[in-house]
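Working through the structure, step by step
So the chains spell out like this:
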Amino acid sequence: MAPPAQSQRSPSPSQPSGKGEVSDLKSQLRQLAGSRAPGIDDSKRELFKKVISYMTVGIDVSSLFGEMVMCSATSDIVLKKMCYLYVGNYAKVNPDLALLTINFLQRDCKDEDPMIRGLALRSLCSLRVANLVEYLVGPLGSGLKDNNNYVRTVAVMGVLKLYHISASTCVDADFPAMLKHSMLNDSDAQVVANCLSALQEIWSSEASSSEEASREREALLSKPVVYYFLNRIKEFSEWAQCLVLELVGKYVPSETSEIFDIMNLLEDRLQHANGAVVLATIKVFLQLTLSMTDVHQQVYERIKAPLLTLVSSGSPEQSYAVLSHLHLLVMRAPFIFSSDYKHFYCQYNEPSYVKKLKLEMLTAVANESNTYEIVTELCEYAANVDIPIARESIRAVGKIALQQYDVNAIVDRLLQFLEMEKDYVTAEALVLVKDLLRKYPQWSQDCIAVVGNISSKNIQEPKAKAALIWMLGEYSQDMHDAPYILESLIENWEDEHSAEVRLHLLTAVMKCFFKRPPETQKALGAALAAGLADFHQDVHDRALFYYRLLQYNVSVAQRVVDPPKQAVSVFADTQSSEIKDRIFDEFNSLSVVYQKPSYMFTDKEHRGPFEFSDELGHLSIGAESTASSQMLSELAISSVTGHASQSSLAIDDLLGLGLPVAPAPAPSPPLLKLNSKAVLDPGTFQQKWRQLPISLSQEYSVSPRGVAALTAPQALLRHMQGHSIHCIASGGQSPNYKFFFFAQKAEESSTFLVECIINTSSAKAQIKIKADDQSASEAFSTLFQSALSEFGLP
Amino acid sequence: MISQFFVLSQRGDNIVFRDYRGEVQKGSAEIFFRKVKFWKEDGQEEAPPVFNVDGVNYFHVKVVGLLFVATTRVNVSPSLVLELLQRIAHVIKDYLGILNEDSLRKNFVLVYELLDEVIDFGYVQITSTEMLKSYVFNEPIVIDAARLQSLGPASIFMQGGKRMPGTAVTKSVVATEPGGRMREEIFVDIIEKISITFSSSGYILTSEIDGTIQMKSYLSGNPEIRVALNDDLGIGKDGRPTYDYRSSSGSGAVILDDCNFHESVRLDSFDSEKTLSLVPPDGEFTVMNYRMTQEFKPPFRINTLIEEAGALKAEVIIKVRAEFSSSITANTIMVLMPLPKYTSRASFELEPGAVGQTMDFKEANKRLEWGLKKIVGGSEHTLRAKLTFSQESHGNITKESGPVSMTFTIPMYNASRLQVKYLQIAKKSGTYNPYRWVRYVTQANSYVARI
């Protein structure tokens, strides 16, 4: 037998090219087809194996379709199975031939052996040929009612297959309702689990067009259904348990006692050897306790040990998937894990992707009591043979230093790095020392002494070079050689390939000039000349700008280029808390491994069977920050997809086309009075927001005072409340803030809903208004705008 | 829900390819393999087990040099898919006896048959070897085990001693033996992986034991089994049993930090009698995983000394001492030590009378490699290496070399002292006395001494 060697993309001379062999097979199959000789099945098996092996390798054996079907009139189950496999593979591309198989498959569906019934039904549904669906309905209907559980499990999946071939046929035959009945009544757990999978897929995809499907989908999360599954959970296979747990994770209990009942019931699932079961259980625990801070923290304590055990057992791949989740939890609540830091030490033989996660965790859990040990450990990695990891380790030391624990000792360590005389170590350490000085200027004396000893010639990496140059400019007063080092760097301007370095050089030489004019004047002149001639636009512009600034007034130039600086207190975080919350909500999914919410890497239809909360899934009061910002992020998506016109307006404005972005004052709006004690519960808000159309969408300018006052979302909330406009959710970080407000008319219960996005760097506010009474939205907008414009006034 | 499953050889050939949902393009195996092979241009970093290319998520696990891969477009639980891939590999191994490229190629029809029952339309159906038996009809074509180096955890017992019937664990759960009936036997393996980091002064910085109890049953009629562990076993950091007054007197109870169990394990009498009861399903499976950070005696002590001998020369002396009983022998020991980048040559000197040892200086990654066939408990071995440098070391040698790491296997030894006290098979017949094999082995996971 020819082994299924090599792959289709690199046919080697020894590999069957296909054609000759296929026609050989064809004639051999023909010979066997009619024969009833004893032992014929064995010869058929050998031939079938050959065919399947060609198929695996990618040789097209579809021309054998007719012969294969002819040969499969047999009672030998092994032969049958091979034939089914073959037919399933090629039916789609040969719909006409597929018709040939219908007969014998339908006959097999009525076989007395349940195994054959099941297999035939599975193959029948796997043909994936649209014009054959009419033949599926009958066998599927009887399959669902078969007295054998194997046949029923197959039939349930068959219904789902049918749905994907022809949704209308499936729905018209009333299969979803039958599945629902089986789901709630079948005695076999696998049948029940398959029903759940199938119904989730079917109803999720129907929900957009059918009210009923949408209701059914939500009914899956109702208390009776969830409890039905919970009570049977131990009957299910470990994989089906994951399915059930995922469902339970979406369930919102109405009472606190329910939460504890569910957690007690699932407690022993945390001891399961299958990591998927444990993670799914953890997700349930985390979701259920979100609004109960104390219990939520206890959950973290409880799941620590099982997670650590899973990380250290199993294959490296399994352990990585769990470690990614542990990483997420550590980043969310580092203090809970601060005594477990030793678990995050890297082992020399771990792959880089594991080490990277561990380094981040070590950085996060560092506190007063463990910093010394963690930094000592990290310093060991700096000499690691794995250079990228060595770099990450040094960066981790720097990050810990910026977290302010025991800075004294860390600065010493960093300075030792500078003396290690390894290029990449020096480079990373320089960048860190620079950041450190921006936060702790008091360390400048110690650092400068060491940095001064580093020859700029040994630094090649742009980031490190830029850092060194920055320090030369900033501390030129204290660094004796600063003007001369800068001068020599400027002499080699032409050889400096990095624009970033040249930009820094310009600024540094300016700063140096203000402090030590006589020594630097010549270098400054050379730098400006070189900068003006530079082909890089930014470098050129900066040189020109400095030049004109100096021409205008040197002391003004100093105020602009080298003002007294405030120490940086917090460096900007790379990922917004909104995104982090979103990832947390998608716990136990790929989002955690990729560290991205699902909408960033997958299209909507593939976000998973449980993506119920696409719009305003869960919403809670503004005070509860995680839930509210989740709502924000979800809204953000719908607004991006739904209202492209809004963004194009903003772009027009950016281009300075002078479009009237602020609305002309409405002629004479009827006086609008708002209810200062308006109340609206989040559920209603959510519902209204979904139902109402946008009645007004505008952009306002925010006054500079307003921008200055908007240091945190809370500031604006209080202000708007004074104008009877209430906030229901808010979030974001400078420069982007997002708010949801509501207001009610004083006399009647007519509500206005507002989405307001403020960008402080462009000083613009984009608002969308939805209103019960659309005719009043103009008036409300005016009111809103005037309230906003008063923000920041003393 | 997964879309495709396939197995690729080390060279990237398709051995098995099954498309369950037709949602991912056919060329996915090729896209996947190229991505894994060229993850980073420098080839330094290996591809993570999960990644996304153009909206398709690829999951893979490496098993005996083969790549088991699944694809999907859906945002699924990564743990679920990776556990599943690992499980599929297990099931196939249970059926084929030996899992490798050759056996897969010979049995691919059987493998397809298994795959059809394991997954339907992307959803997991049956993964228990036992239950699959009623749906799978192809007979495995068993490849000659003697000729092949066996893989997987079972192989570690083979070098260990003659006591173990080496081929037993490589036999298929379905294949009948030449004699007709299958031999009634059950294997319980306690496998521990230890991780230790010693500081330069020999003090233990971190230590951990990751253990697992594996079972492989060839018993007919699925009798219930009771596995009794140490009486003084405790679980949890504060799991020191309150009634256990011995633990304070120094004899030392075995305290596990945490553990988890196979689905089939019942823990009714675990708290009181430290006994696990289960009806073992066919095939190999993990009864229990456990983790222990309690202090334990490390099996080896490593001593490294570096002496400069002039500007361009230095001598490295590595001493390894086995601190376990002389009745036990460790095997396949390898000691590795990265040397400074500017090392150009190394010459070695062993103690007189040393046998079964190999020394090498790997020029490419500047690493010293010292291999020892076996080390008897209580003995000590020394290696001297004279290094020549291509540039002056500036007294930085210790900073630029090390840490020394070690790999080894010690059969019939376990560092945690966790024990299977007895293995009771509940079957009435008086003549029924199946073979019971309880085996221990300890391996190094990350055994590192800083210098």
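Residues numbered from 1 in each chain as written. Chains lettered and ligands numbered in written order. Predicted model: local features only at pLDDT ≥ 70, side-chain atom pairs only at ≥ 80, totals over all residues. Heavy atoms only, no water.

**Re the environment of Ala765 of chain A**
All names here are of chain A. What counts, and what does not: Note on conventions: DSSP H or I runs of at least 4 residues are helices, E runs of at least 2 residues are strands, and numbering of each starts at the N terminus. Residues are treated as being in contact if the distance between any of their heavy atoms lies within 4.5 Å.
Structurally, Ala765 is set in strand S5 (residues 764-771). The spatial distance from the C-alpha of Ala765 to the C-alpha of Lys738 is 9.5 Å, given a sequence separation of 27 residues. For Ala765, the residues in contact, after removing those within four places along its chain, are Gln698, Glu699, Tyr700, Val702, Ile757, Ile758 and Leu788.

**What to know about the domain arrangement of chain B**
Interface size is commonly expressed as the accessible area that is lost once the parts come together. Residues and elements named next belong to chain B. Counted only if it meets this: Segment limits for the domains were obtained from an automatic or database-derived domain assignment. As a working definition, buried area equals the accessible area (1.4 Å probe) given up by two parts on being put together, with both sides summed. When a carboxyl oxygen of Asp or Glu lies within 4 Å of a side-chain nitrogen of Lys or Arg, that pair is called a salt bridge. Counting of polar contacts relies on pairs of N or O atoms within 3.5 Å, with two restrictions inside protein: one atom must be capable of donating a hydrogen and the other of accepting it, and residues adjacent in sequence are counted only when both atoms are side-chain atoms. When residue character is reported, Ala, Val, Leu, Ile, Met, Phe, Trp, Tyr, Cys and Pro are called nonpolar, Asp, Glu, Lys and Arg charged, and the others, Gly included, polar.
Taken domain by domain, chain B consists of domain 1 (4-132), domain 2 (153-297 + 413-449) and domain 3 (300-411). Tallying the contact residues gives nine residues for domain 1 and 13 residues for domain 2. Both faces combined, the contact of domain 1 with domain 2 buries some 860 Å², and carbon together with sulfur accounts for 46% of it. For domain 1, the biggest contributors to the area lost against domain 2 are Asp94, Tyr95 and Glu130; these three give 52% of the whole. Seen at the junction of domain 1 and domain 2, the total is one salt bridge. Where Lys93 meets Glu284, a salt bridge forms, and the shortest distance between an N and an O atom there is 3.7 Å. Where domain 1 touches domain 2, the interface holds three residue pairs in polar contact (both at pLDDT 80 or more). At the level of secondary structure, the elements contributing two or more residues to the side of domain 1 that touches domain 2 comprise helix H2 (78-96) and helix H5 (129-132). When the residues that make up the side of domain 1 that touches domain 2 are grouped by side-chain class, the tally is three nonpolar, three polar and three charged.

**Notes on the nonpolar core**
Worth spelling out the cut-off: The set of buried Ala, Val, Leu, Ile, Met, Phe, Trp, Tyr and Cys residues whose side-chain atoms join them within 4.5 Å is what this entry labels a nonpolar core. When a residue's accessible area, from a 1.4 Å probe over protein chains only, is under 20% of the maximum for its type it is buried; when over 50% it is exposed; and in between it is partly exposed.
In this structure, Val61, Tyr86, Phe229, Leu326 and Phe417 of chain A together with Phe68 of chain B are the most contacted members of the largest nonpolar core, which totals 269 residues. Beyond its immediate chain neighbours, meaning those up to four positions away, Phe417 of chain A contacts Cys379, Ala382, Ile394, Val397, Val425 and Ala429 of chain A. Residues Ile190, Leu278, Phe296 and Val420 of chain B belong to the second largest nonpolar core, which totals 69 residues.

**Quick word on helix H16 (residues 275-288) of chain A**
Residues and elements named next belong to chain A. Selection criterion: A helix is expected to span 1.5 Å multiplied by its residue count minus one.
Taking 1.5 Å per residue, 14 residues should reach 20 Å; H16 reaches 20 Å between its end C-alpha atoms and fits that length. Within H16, 14 of the 14 residues are buried, which leaves it mostly tucked inside the rest of the structure. Its side-chain oxygen placed 2.9 Å from the backbone nitrogen of Ala276, Asn274 serves as the N-cap of H16.

**Here's the deal with the interface of chain A and chain B**
Contacts between the two partners involve 94 residues from chain A and, on the opposite side, 91 residues from chain B. Approximately 7,700 Å² of surface area, both sides summed, lies buried where chain A meets chain B, with 53% of it carried by carbon and sulfur atoms. Here chain A and chain B share nine salt bridges between them. For the salt bridge of Arg122 of chain A with Asp120 of chain B, the shortest nitrogen-to-oxygen distance reads 3.7 Å. Linking chain A with chain B are 41 residue pairs in polar contact (both at pLDDT 80 or more). Residue contributions to the side of chain A that touches chain B peak at seven residues, all from helix H8 (residues 149-165) of chain A. Each residue belonging to the side of chain A that touches chain B can be placed in one class, and the counts come to 42 nonpolar, 32 polar and 20 charged.

**Comments concerning the pairing of strand S21 (residues 367-376) of chain B**
Residue and element names in this part refer to chain B. The condition that has to hold: At least two DSSP bridges between two strands are required for those strands to pair.
Here strand S18 (residues 329-338) runs beside S21; their pairing, made up of nine bridges, is antiparallel. Across the sheet, the residue bridging to Leu336 is Glu369, located in S21. Of the strand pairs in this sheet, strand S20 (residues 357-362) and S21 are connected by six bridges, and their pairing is antiparallel. Bridge pairing in S21 places Gln357 opposite Leu372. Between the antiparallel neighbours S20 and S21 lie four residues, among them Lys366 with a positive phi of about 50°.

**Examining the pattern of salt bridges**
Overall, the coordinates contain 69 salt bridges over all chains when judged by the stated rule. Among the salt bridges present, the one from Asp435 of chain A reaches Arg438 of chain A, with a minimum N-O distance of 3.7 Å. One end of the pair is Asp435 of chain A and the other is Arg438 of chain A, both in helix H23 (residues 423-439) and three residues apart, which spans about a single turn. Assessed through its relative accessible area of 32%, Arg438 of chain A is described here as partly exposed. Shared partners join several salt bridges into a network, and the residues in it are Lys81, Arg122 and Lys161 of chain A together with Glu113, Glu117 and Asp120 of chain B.

**Regarding the packing of helix H11 (residues 189-206) of chain A against helix H14 (residues 238-250) of chain A**
Residues and elements named next belong to chain A. For clarity, the cut-off: Interaxial angles span 0 to 180 degrees and are taken between N-to-C directions of axes, which are lines fitted to C-alpha atoms, for helices over the stretch in contact. For classification purposes, angles smaller than 35 degrees are called roughly parallel, those larger than 145 roughly antiparallel, those between 65 and 115 roughly perpendicular, and all remaining angles oblique. Should the near helix be turned anticlockwise from the far one by less than a right angle, the crossing is termed left-handed; should it be turned clockwise, right-handed.
Viewed as axis vectors pointing N to C, H11 and H14 meet at an angle of 50°, and their least axial separation amounts to 10 Å. As far as their axial angle goes, H14 and H11 are oblique. The hand of the H11/H14 crossing is left-handed. In this structure, H11 uses Ala193, Leu196, Ser197 and Gln200 to contact H14, whose residues at the interface are Ala240, Leu243 and Leu247.

**With respect to the state of the cysteines**
Residue and element names in this part refer to chain A. Where we set the bar: For the purposes of this analysis, a disulfide is any pair of cysteine sulfur atoms at a distance within 2.5 Å.
For the coordinates displayed, the defined rule picks out zero disulfides over all chains. We note that Cys195 lacks a disulfide partner, and the nearest cysteine sulfur, in Cys170, lies 12 Å from it. Looking at the unpaired Cys447, the closest cysteine sulfur is the one in Cys379, lying at 15 Å.

**Topic: the confidence of the model for chain B**
Residues and elements named next belong to chain B. Here is the rule we go by: Each residue gets a pLDDT score, which is the predictor's confidence in that residue and runs from 0 to 100.
Averaged over all residues, the pLDDT of chain B is 84; the fraction at 70 or higher stands at 87%. Note that residues 146-156 has pLDDT below 50 and, in this model, 16 contacts with residues that lie over four places away or in other chains. When the criterion is pLDDT under 50, residues 239-251 qualifies, and its contacts beyond four places in sequence or with other chains add up to 15 contacts. In the predicted assembly, ipTM is 0.88 and pTM is 0.78.

**Overview of the sheet that holds S18 of chain B**
Residues and elements named next belong to chain B. A sheet is described by the order of its strands in space; here nine strands give the open sequence S13-S15-S9-S8-S25-S23-S18-S21-S20, paired in mixed fashion. Among the strands making up the open sheet, the edge pair consists of strand S13 (258-261) and S20. Recorded for the sheet is a direction-independent mean angle of 15° between the axes of neighbouring strands. Strands strand S9 (204-217) and strand S15 (283-292) of the sheet are contacted by H2, whose axis makes an angle of about 135° with S15.

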